[in-house]
Every structure is written in structure tokens, then in C-alpha cells.
Amino acid sequence: MSEDIQTGLAEILEEVAGVAPADATPEKSFTEDLDVDSLSMVEIATAVEDKFGVAIPDDELANIKTVGDAMSYIQKNKA
Amino acid sequence: MSTSVGDVVVTGLGATTPLGSDVASTWDALLAGRSGVSRLTDDWVKEYPAQLVARLATDPAGQLDRVRARRLDRSQQVAAVAAEEAWRDSGAADAGVAPERVAVVFGTGIGGALTLLGQDDILEEKGPKRVSPFTIPMLMPNGPAAAVGLAIGARGGVHAPVSACASGAEAIRWGLDLLRFDRADVVLVGGAEACVHPLPMAGFAAMRAMSTRNDEPERASRPFDKARDGFVLGEGAAALVLERGDAARARGARIHARLAGAGGTADGYDLVAPHPEGEGAGRAIAAALRDAELTAADIGHVNAHATSTPVGDTAEAAAIRNAIGDHALVTATKSQTGHLLGAAGALESVFTVLALREQLVPATANLDDPDDDAAVQALDIVRREPRKASLTAAVNDSFGFGGHNIALVFTTA
């Protein structure tokens, strides 16, 4: 399950922000390591909703700092 | 205008146009008499009276990194492509110019219309949450200037004149002023436009401003010709790098030409119709000549705005005749490129610079039967073949809806 989420998230990161899939590992910080800016995070949230059916409200999005944070949030809220 | 700054020179040129993906291929196609105009085949266009456009020769998205391209409106993509070519051509990056002394002035007529209209479709179909977070930076009219500023790392100021089809020329005039006021050492100037879409096409068609010669795309844009019936909408961008002559010579830069002067006026006559005798246009040309400390007799060539509309071309012919006379070799390159709106003045300035550098005036295509208008008849309009000439100074003029008139004077290096 978490592998599927990591793969799916990596696909989104590649499409939206040009992050190489091999770099999309749980410990990576979106802003510090992957150069993903705040507008791109909004796009990523929309793509996550499309792919996983998990909506990320703005106050939750602000707490998602790493790829691992996003994976956990998706895992926890997936129907 | 003599200032302590001395002369201003052009050290870099860039363009992506309906004729080619860079300056060299565009110029070659222009001299070869090729047309950038074609007929749209999309379903939506079938009920349109005017179905012709001058599409870019090369998709700019393919010339940029994929992720960067998806965050830029097409008008910003073409701006970045043209600006990067001009910047490389100038060699300014290798000359160690401080980013705080590099400025950008880049205009557009319409701005990010494709983004505005595309995101409105998404809003209607899917609701507000689906609208892209990049919508505003992609549609804002300073977007092309901002994209160019980021592309070359300009930190001395980024400016975006908006004066419809005079925007590109106005950007060049502002750039000249920035250098004269010593607000920058190098200024990248230009214009960008990319708005081929049903709404702008319908709007221009409703004004009866576009050619409806749908069955003869390559013959539709015919400035000064008796049978002209409107302009053809084009897309693209062009850019020039301006700097002080002493600094450019000191670093051994290639100098394409000098930007000797500029003039700008407003018609104060009508929102869209030009003054019939080109009064404001003529004053702009006269002001540019004074600014360049030249006389009409010095001007050997005019790259005319001439969009192929019935009213505009004769008004401009009167302005040229009044301000310069009948001796200059006039050409109307929109006959091949179509009308690039906010990029037109920049592209035609690139052509003017190349005409001076190569001592060669491109021909006006499709000028089979010049208008009976007395001024058109009096002018020496180059047609059929490019004409070799001995040129020292040339004028490029541009006019925009709103009554904006800009004239630029370039001289040989």
C-alpha cells in the first residue's frame, strides 16, 4: 500500500514539479530538498485528490513538509 | 539627444516568429519572400469570417524545460525564447555585468489571454477549486517581462509597457531612457504576443479589422495594396539588448546598430481609428528625428507599421511622407509575418537593425497594385525583391489602439 502511494506521489511530483522519481523519497523536504514552491504544493494537492481521492485542506497542507508527511496523510485518509 | 551617457547600441537580437524559430531563420525566410500565414482548420473557426493566422514556426514549449513551460503562458514562453537568444547573442552574461545593473522592458498587447480563457473554461466546467494556482502569474500583462527578468537574472528593474500594438516599440523607447538616465548598464527590451484563440479572433473580426481572404492565406496580408482588407493575427516575440556604446566597445561586443533616438505621441483623436492624416504618427517620427539629432534627409529606410487595414496604411503613408518625405525605402514586413500586435514593434526593430547591418531592405509581399492614395503613390515602397541600399539611418514606427504612436531611429554601427 505505502509503495503504491510513494509511486503515485512520485508520478505527481515529476509531472507538476519535474522531480526525478528516484528523488521522491520519504525523508525529502518539498521546499528544502526538492525545490517545490508553495504554488506547486497547491497543484500537488489537487493532483493527490484526483489520484487518491484524498482532499488536503489548506491548514493540513501547511503541515506537510516532507514526502513522508504526504504519504502518511494519504494513507491515513484514504477511504 | 546628447547626454553624458553617450550613444546607445544594440548588441543582441532574438526572435521566434511565424517565419522561424530564431533571428537567422526568420531573416532568411523574410528575404526569401516566404509567408507565415495559414488557414486555421479547427472546428470552431468554421463560422468565423476571418480564418487566417500567422502561427509560430516552432512551438516555444518545446524549446523550454517541460516544467518551466507549463508554468508560463504561451506569451511568456515566446518572450523567454526570444530574450534568451538576444542575451546569448549579446555576450553580456560573460562580460560580468552586475545583475543589479541589468534591466528588462518587455511589452505585450493582450497578455495571457490563453491562460485567462483556458482557466475560465476550467472554472465553468469544474469549479473554482480546479483553477490553477499559476493563473494570475500566467495572465498578468507584466508576465512576459517578469519571465524574461527571471530568465536572465535581471535585478535592476523589470518593466512592462502596455500600449496595444505599440507595446514592443514602447519597450525599446523605455529601454533607451533607462540607459540615458543611467538607471542600468544593460537593458533587454522587446515584445511578446500569443493570443490565437476564438475570443480575440472574434473580437478583431467584429471590428472588421481582419482579412477575410480565407482562400488565399499567403496573399491576405497586403499592406499598401489596393485590395487589402485587414490584418492577419500573428504570434511570436522579439528582443534586443541595449547598452551604452562606450561599455559595449570596451568589452569588445559585436554592435549590430545604434539606437539613436525615439519619439512618442498620442493621437487624441479616437480610441481605435488612426488620425486620417497620421498627424500623431508624423509628430512621433519628427520627435524621434530631433531626438536622434538627424534630419529627414538622413533617413534612408522606414520599416512601416502597415498592418494591411484600409484606413491605417494610408494614414501612415501620409505621416511618413510628411515627416520624412518620398526618398526613403519603405517596407511592410507584416505582409509575411502577419501582425504580432505587442511584439510587432520589437520584431520590426530587429528587421530595421538587420537592414542597416546588411544594407538590404526586405520587400513588401503582395503589393501588386499600390493604393491610389497620393501618399502611397509617392512613397518608394520596396516590392518583389529585397533591395540593396546605402543606408546610414532608418526609422521603425508603431501604432496601437488607443492612439499610441512610437517612432524609433536606428543608425549604422
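What you see is a predicted model; the values in this text were computed from it and never measured.

1. Here's the deal with the sheet that holds strand 10 (residues 299–303) of chain B
- Pairing in this open sheet of 11 strands is mixed, and the strands run 5-4-6-8-1-9-16-15-10-11-13 (chain B) from one edge to the other. The open sheet has two edge strands with one neighbour each: strand 5 (158–159) and strand 13 (380–381) of chain B.

2. Regarding the UniProt feature "modified residue: O-(pantetheine 4'-phosphoryl)serine" (unreviewed entry) in chain A
- Within the UniProt annotation, "modified residue: O-(pantetheine 4'-phosphoryl)serine" (unreviewed entry) is assigned to S38(A).
- Relative to the helices and strands, S38(A) is located in helix 2 (residues 38–52).

3. What to know about the pairing of strand 9 (residues 257–266) of chain B
Residue and element names in this part refer to chain B.
- The element strand 9 is extensively covered by neighbouring structure, given that nine of its 10 residues are classed as buried.
- Note that strand 1 (residues 8–16) and strand 9 share three bridges and pair antiparallel. Considered in strand 9, the bridge of V8 is made with L259.
- The sheet contact formed by strand 9 and strand 16 (residues 404–412) spans nine bridges and is antiparallel. From the neighbouring strand, A266 faces strand 16, where its bridge partner is H404.

4. A closer look at the packing of helix 7 (residues 167–180) of chain B against helix 13 (residues 344–358) of chain B
Residues and elements named next belong to chain B.
- Taken N-terminus to C-terminus, the directions of helix 7 and helix 13 make an angle of 65 degrees; their axes are 5 Å apart at the nearest point. Classified by the angle their axes make, helix 7 and helix 13 are roughly perpendicular. Facing helix 7, whose interface residues are S167, G168, A169, A171 and I172, helix 13 presents A344, G345, A346 and S349.
- Its residues assigned to classes, the contact of helix 7 with helix 13 shows five nonpolar, four polar and no charged.

5. Focus on the domain arrangement of chain B
Residue and element names in this part refer to chain B.
- When cut into domains, chain B gives domain 1 (8–250) and domain 2 (265–412).
- Taken over C-alpha atoms, the centre of domain 1 sits 20 Å from the centre of domain 2.
- Residue-level contacts link 58 residues of domain 1 with 53 residues of domain 2.
- If you list the elements that add at least two residues to the side of domain 1 that touches domain 2, you get strand 1, helix 1 (23–31), strand 3 (52–54), strand 4 (102–108), helix 7, strand 6 (186–193), strand 7 (233–234) and strand 8 (236–244).
- The element best represented in the side of domain 1 that touches domain 2 is helix 7, accounting for seven residues.
- Taken together, the residues that form the side of domain 1 that touches domain 2 break down as 31 nonpolar, 17 polar and 10 charged.

6. Comments concerning the sheet that holds strand 3 of chain B
Residues and elements named next belong to chain B.
- If you walk across this open sheet you meet the three strands as 2-3-7, and the pairing is mixed. Every other strand in the sheet has two partners, leaving strand 2 (38–39) and strand 7 as the edge strands with one partner each.
- Two elements, strand 2 and strand 3, share two bridges in a ladder whose sense is antiparallel. Across the sheet, S38 pairs through a bridge with V53, a residue of strand 3.

7. Some remarks on the environment of G111(B)
All names here are of chain B.
- Its place among the elements puts G111 in the loop between strand 4 and helix 4 (113–126).
- Accessibility expressed as a C-beta count within 10 Å gives 27 for G111, which makes it buried.
- Here the alpha-carbon distance between G111 and G143, two residues 32 residues apart in the chain, equals 7.4 Å.
- Once residues lying within four places of it in the same chain are set aside, the contact partners of G111 are S75, L139, M140, P141 and G143.

8. Topic: the interface of chain B and chain A
- Contacts between the two partners involve six residues from chain B and, on the opposite side, six residues from chain A.
- Classifying every residue of the side of chain B that touches chain A by side-chain character gives three nonpolar, one polar and two charged.

9. Things to note about helix 13 of chain B
All names here are of chain B.
- The terminal C-alpha atoms of helix 13 lie 21 Å apart, and with 15 residues this matches the ideal 21 Å at 1.5 Å per residue to within 8%.
- A large share of helix 13 lies buried, amounting to 13 of its 15 residues.
- With its phi angle positive at about 55 degrees, Q359 sits one or two positions after the end of helix 13.

10. Here's the deal with the nonpolar core
- Among the nonpolar cores identified, the biggest contains 125 residues, and A83(B), V148(B), L188(B), L240(B), A288(B), V350(B) and L408(B) are the most heavily contacted of them.
- The residue makeup of this core includes at least three contributed by each of domain 1 (8–250) and domain 2 (265–412) of chain B.
- With residues up to four places along the chain from it excluded, the contact list for L188(B) reads A83(B), A86(B), W87(B), V104(B), V148(B), I152(B), A154(B), A239(B) and V241(B).
- Within the second largest apolar cluster, 21 residues are counted, among which are L9(A), V19(A), F30(A) and F52(A).

How each quantity is defined
- Residues numbered from 1 in each chain as written.
- Chains lettered and ligands numbered in written order.
- Predicted model: local features only at pLDDT ≥ 70, side-chain atom pairs only at ≥ 80, totals over all residues.
- Pairing = 2+ DSSP bridges.
- Helix = DSSP H or I, 4+ residues; strand = E, 2+ residues; numbered from the N terminus.
- UniProt positions renumbered as here; feature names shortened; annotations may be inferred.
- Buried ≥ 20, exposed ≤ 12 C-beta atoms within 10 Å, placed from the backbone.
- Axes fitted to C-alpha atoms, helices over the stretch in contact; angles between N-to-C directions.
- Parallel < 35°, antiparallel > 145°, perpendicular 65-115°, else oblique.
- Contact = placed C-beta atoms within 7 Å.
- Nonpolar A, V, L, I, M, F, W, Y, C, P; charged D, E, K, R; others polar.
- Domains from an automatic or database assignment.
- Expected span 1.5 Å × (residues − 1).
- Core = buried A, V, L, I, M, F, W, Y, C linked by C-beta atoms within 7 Å.

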